[in-house]
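Take a look at the letters that make up each chain.
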Amino acid sequence: MNEQASRESLQNGDGAADFQDLFENAPCGYLSLDPEGRITRVNRTFTSWTGHSGETLVGRRFLDLLSVAGKIFYETHFAPMLRMQGFFNEVAFDLRCAEGAVIPVLVNAVERLDGTGRARSIRMTILAASDRRKYEQELLEARRAAERASRELREVNLTLEARVEEAVQKRLRAEEALRQAQKMEAIGQLTGGVAHDFNNLLTVILGSLELLQRRMPPDPILKRFADAAEDAARRGAQVNAQLLAFSRRQPLQAVTVDAREVVQGISGLLERTVNGVATLEFKLPQQAIPIHVDRNQLEMALLNLVVNARDASPGGGRILVEGCRGMVDGSPAGIWISVIDEGEGMTPEVLERVFEPFFTTKAMGAGTGLGLSMVYGFVRQSGGDIDIVSARGAGTTIRLRLPDAGVVLPPTEEASPLVEVRPSDGESILVVDDDSAVRAIAVSTLEQLGYPIHQANSGEAALRLLQAGLKVDLLFTDVAMPGRLNGIELAREARRLRPDLRILVTSGRLPEGLDLDAVWAAGGKFLSKPFHPLELALSVQSLLDGENQLPSAAAPSHGPGTAAGTP
Amino acid sequence: MSVLRRLNAHVSGSGSRAMVFAHGYGCDQNMWRFVVPAFRDEYRIVTFDLMGAGGSDLSAYQPEKYASLNGFSDDLIALCQELDVEGGVLVGHSVSAMIGVLAANREPDLFDDLILVGPSPRYINDQSYLGGFAETEIAELLEFLDSNHMGWAGSMAPLIMGNTDRPELAGELTNSFCRTDPAILKHFARTTFLSDNRADLRKVQARCLVLQCSEDVIAPLAVGQYVHDAIPGSKLVILRATGHCPNLSAPDETIAAMKAFLPELAS
């Protein structure tokens with residue numbers, strides 16, 4: 001029936017035509033299928049939606065219009081359900097249209113039975129579901145988002161405790177590290193202060209002993225006592241030197257040397273120290289490893305480390321001394337010098353306190369407890385760092401990281417020949433020290449050599465003398481003095497007034513904020529306390545003999561070398 | 001919980017020889033409702049729901065166990081052993097045809113006869129083997145189940161979204177058979193359609209009937225032929241019925257083919 005005819009029939013009140021119109025033009029698709037799922041009848045709404053004509057649809061199976069997923073669902077769910085319960089409603093399918101498009105639909109199906117209960121036909125109502133499907137997708141997306149959010153919240157809650165615990169632990173570790181650093185700093189201040197005062201005492205003791213011995217009648221008993229006193233004072237000075245090293249206030253004279261040469265130079269001493277208790281081995285690279293440190297202190301540090309390694313290896317084993325240019329992630333990371341033993345190792349409790357001065361695990365009298373303290377202070381003062389890895393029964397590795405000189409080394413210099421002390425040629429000296437006993441020793445020593453001496457007990461007093469036109473050839477001054485001017489500042493002022501003035505600076509420890517560069521900058525040479533009268537005499541003499549331009553004479557060259565071996 | 005309760009097993013019938021019915025993907029033991037009555041007088045009938053389907057104990061569904069058909073055949077063996085099945089008949093539809101084959105190969109004493117309805121040892125084509133689906137088509141199915149599931153899941157699940165506080169409403173809207181959890185439905189589809197049990201066919205020792213429908217998109221004719229060729233001494237019957245579920249769409253023809261195959265029972 002065509003459109004025209006159906007309209008006419010309707011106007012005529014034709015009941016059959018009315019139903020026909022209802023069927024063909026309902027706002028949903030109608031399909032009749034045989035029990036096997038083949039289409040037998042289809043309304044106009046369905047054909048207009050899908051673009052398939054009625055003729056092509058009749059005889060085809062409904063599932064032929066479905067995608068693969070739809071076909072599987074139809075056979076495994078739709079058809080069985082329809083057969084079992086007689087209907088199946090609101091099933092979402094995608095229908096393939098004639099032009100290749102796909103329309104989302106909802107399908108309601110009902111079985112019509114014959115008299116025997118067998119399926120006679122299947123009626124399907126097809127509803128267009130584009131809007132609904134879109135809405136469903138949005139709902140699904142919203143549900144997924146909600147599930148995701150709730151899952152994330154659950155995870156956050158689950159991990160909250162662990163993360164708080166971790167943060168607290170991290171904080172505790174940081175606080176512990178800070179506490180440890182503060183403790184070391186405080187001990188350093190304390191030992192530094194004590195050692196400074198002690199140095200002045202030792203200087204007086206040593207100087208007095210020296211002068212005493214010269215004036216003493218030649219009595220072997222008196223000489224033995226005097227020698228013992230001097231020996232004890234020297235050992236006291238050594239202990240003091242280590243305390244100063246720990247407090248990082250010792251005057252360091254950093255030079256550029258090949259670390260291999262330092263290690264090799266001291267290897268004989270180290271061998272004797274180990275004395276067959278353990279096997280000492282060295283591992284050094286082919287190339288030079290230029291390092292910028294105080295050579296004497298490095299030797300002392302190595303000796304201390306090897307002594308400790310030996311004492312930790314009563315059952316023997318290997319002690320390895322290793323040096324190399326360190327690399328971290330392909331970048332140079334300083335010079336590494338390690339001492340590795342296979343000995344008893346340390347407990348965490350010992351490890352925590354191992355750098356503290358006077359902390360020792362050795363038997364009473366067997367160690368001072370200053371060895372590792374000295375190493376620690378020296379390395380830190382040199383701008384380096386120290387790592388220690390140890391566990392009970394697993395040996396100990398201590399690695400020093402020291403500044404890479406970053407240069408190619410010139411060939412080793414010849415050792416300078418010994419200089420003999422000679423009497424004064426009449427050059428005069430101004431001695432400045434706030435400690436009158438120390439000053440007296442210096443004055444006495446220099447007077448014996450025939451130098452005319454002037455004295456001052458403070459930087460200001462000395463400067464006033466110079467400003468007043470006092471003629472002297474050399475200024476010998478302590479660094480740390482009360483008052484407005486310390487020794488370095490005095491040296492600087494004096495140089496300004498008298499550019500040709502020779503300057504010798506002495507100190508047991510450098511005041512905070514000062515290093516030897518300040519001494520060089522002030523044009524001075526340095527003599528460390530406690531000094532032996534002979535050392536004072538030699539320093540004065542060498543200055544007066546013209547080796548005064550100290551920045552070039554005593555400070556090492558940092559310029560790029562042109563040494564042999566450089567291509 | 002006993003395996004009978006877990007798998008919602010029902011035993012009926014007045015015979016002594018056991019006939020165990022195993023349903024396929026997408027449904028539950030209700031799908032045997034038109035076939036079972038024809039055998040009730042002569043056999044001891046066992047019907048049950050595969051784990052995850054129908055009235056099985058969904059809380060016992062373990063994704064790792066049921067990631068392969070062996071998990072389901074373990075259940076079938078446990079069920080039959082619990083019921084002292086020996087020398088029985090296994091009627092397996094669709095994926096349960098292969099579950100039955102796996103169980104029979106593992107425990108040859110359980111079944112003397114296997115009736116495989118619409119079996120497929122592998123759904124995805126593989127070189128010269130025609131399983132009926134390209135790999136991309138199965139991927140599309142699984143993807144579809146993953147992404148757009150509301151219509152299908154809603155039609156199968158006991159609860160739909162938004163009505164969790166009024167389950168009685170959900171009951172009115174949805175269907176009374178073959179309910180399952182959408183997540184389990186997805187997982188079971190993956191296990192089923194990615195399975196490959198072709199090598200197991202050659203090991204079958206029991207008598208075997210392959211019931212093949214015409215025009216079955218799930219298990220096409222070529223697959224039924226393959227199964228028949230692979231199982232030694234098997235019998236192939238091609239039904240006039242179309243579709244994948246002749247037990248529902250053509251129960252009379254199905255029953256007749258089964259009876260023709262099964263040996264006379266010495267009563």
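Residues numbered from 1 in each chain as written. Chains lettered and ligands numbered in written order. Predicted model: local features only at pLDDT ≥ 70, side-chain atom pairs only at ≥ 80, totals over all residues.

Colleague: Any chance you could explain the overall build of chain A here in plain terms?
Modeller: Each helix and strand in chain A was counted, giving 17 helices and 17 strands. Put simply, chain A has 567 residues, and 35% of those count as buried. Long-range contacts, defined here as pairs at least 24 residues apart, represent 65% of the contacts in chain A between residues at least 6 apart. (Helix = DSSP H or I, 4+ residues; strand = E, 2+ residues; numbered from the N terminus. Buried ≥ 20, exposed ≤ 12 C-beta atoms within 10 Å, placed from the backbone. Contact = placed C-beta atoms within 7 Å.)

Colleague: Explain the overall build of chain B here, please?
Modeller: A tally of regular secondary structure across chain B gives eleven helices and seven strands. Within chain B, buried positions represent 50% of all 267 residues. Sequence separation of 24 or more characterises 73% of the internal contacts of chain B that already satisfy a separation of 6 or more.

Colleague: Can you walk me through the confidence of the model for chain B in this structure?
Modeller: The predicted structure's coordinates, where accompanied by low pLDDT, should not be read in detail. Put simply, chain B has an average pLDDT of 87, and 87% of its residues get 70 or more. Two summary scores accompany this predicted model of the complex, namely pTM at 0.52 and ipTM at 0.88. (pLDDT = per-residue confidence, 0-100.)

Colleague: For this particular structure, what's the right way to read the interface of chain B and chain A?
Modeller: Interfaces are often sized by the amount of accessible area the parts lose when they come together. Listed by partner, the interface residues are 30 residues for chain B and 25 residues for chain A. Among the elements of the structure, α4 (135–147), α5 (150–156) and α10 (246–249) of chain B are those that each provide at least two residues to the side of chain B that touches chain A. Looking at the side of chain B that touches chain A residue by residue, the classes come out as 16 nonpolar, eleven polar and three charged. (Nonpolar A, V, L, I, M, F, W, Y, C, P; charged D, E, K, R; others polar.)

Colleague: Honestly, the sheet that holds strand β3 (residues 87–96) of chain A in this entry has me stumped. Any pointers?
Modeller: By definition, the strands of a sheet pair up through backbone hydrogen bonds, in either a parallel or an antiparallel sense. Residues and elements named next belong to chain A. The strand order β2-β1-β5-β4-β3 describes an open sheet built from five strands, whose pairing is antiparallel. Of all the strands in the sheet, just β2 (39–42) and β3 have a single pairing partner and so form its edges. Adjacent strand axes in the sheet meet at a mean angle of 30° when their direction is disregarded. Direction of pairing for strand β1 (residues 29–33) relative to β2: antiparallel, over a ladder of three bridges. Considered in β2, the bridge of S32 is made with R41. Each of β3, β4 (102–113) and β5 (119–128) is contacted by helix α5 (residues 68–85), which is oriented at about 160° to β3, the strand it contacts most. This element, helix α6 (residues 130–215), spans β3, β4 and β5 of the sheet and lies at about 110° to β4. (Pairing = 2+ DSSP bridges. Axes fitted to C-alpha atoms, helices over the stretch in contact; angles between N-to-C directions.)

Colleague: Even after reading the chapter, I still don't get the nonpolar core, so can you show me in this structure?
Modeller: Side chains that are nonpolar tend, in soluble globular proteins, to be buried together. By size, the foremost hydrophobic cluster in this structure holds 112 residues, and its most contacted members are V20, L114 and L116 of chain B. Looking at this core, the element that brings in the most residues is α5 of chain A, giving nine residues. Residues in contact with L116 of chain B, not counting those within four places in the same chain, are G92, A97, C208, L209, V210, L211 and V227 of chain B. One finds F198, L244, L400 and V438 of chain A within the second-largest nonpolar core, a separate group that totals 88 residues. (Core = buried A, V, L, I, M, F, W, Y, C linked by C-beta atoms within 7 Å.)

Colleague: What is the right way to look at the UniProt feature "modified residue: 4-aspartylphosphate" (unreviewed entry) in chain A in this model?
Modeller: All names here are of chain A. If you check UniProt for "modified residue: 4-aspartylphosphate" (unreviewed entry), the listed places come out as D478 in our numbering. Within the secondary structure layout, D478 lies in strand β15 (residues 474–478). A residue is classified by how many C-beta atoms lie within 10 Å of it, and D478, with 25 of them, is buried. Setting aside residues no more than four positions away along its own chain, D478 makes contact with V432, D433, D434, G487, T506 and S507. (UniProt positions renumbered as here; feature names shortened; annotations may be inferred.)

Colleague: Could you clarify how one ought to interpret the environment of T256 of chain A in this entry?
Modeller: In this structure, T256 of chain A sits in strand β6 (residues 254–258). Measuring from C-alpha to C-alpha, the distance between T256 of chain A and D294 of chain A comes to 8.5 Å, with 38 residues separating the pair along the chain.

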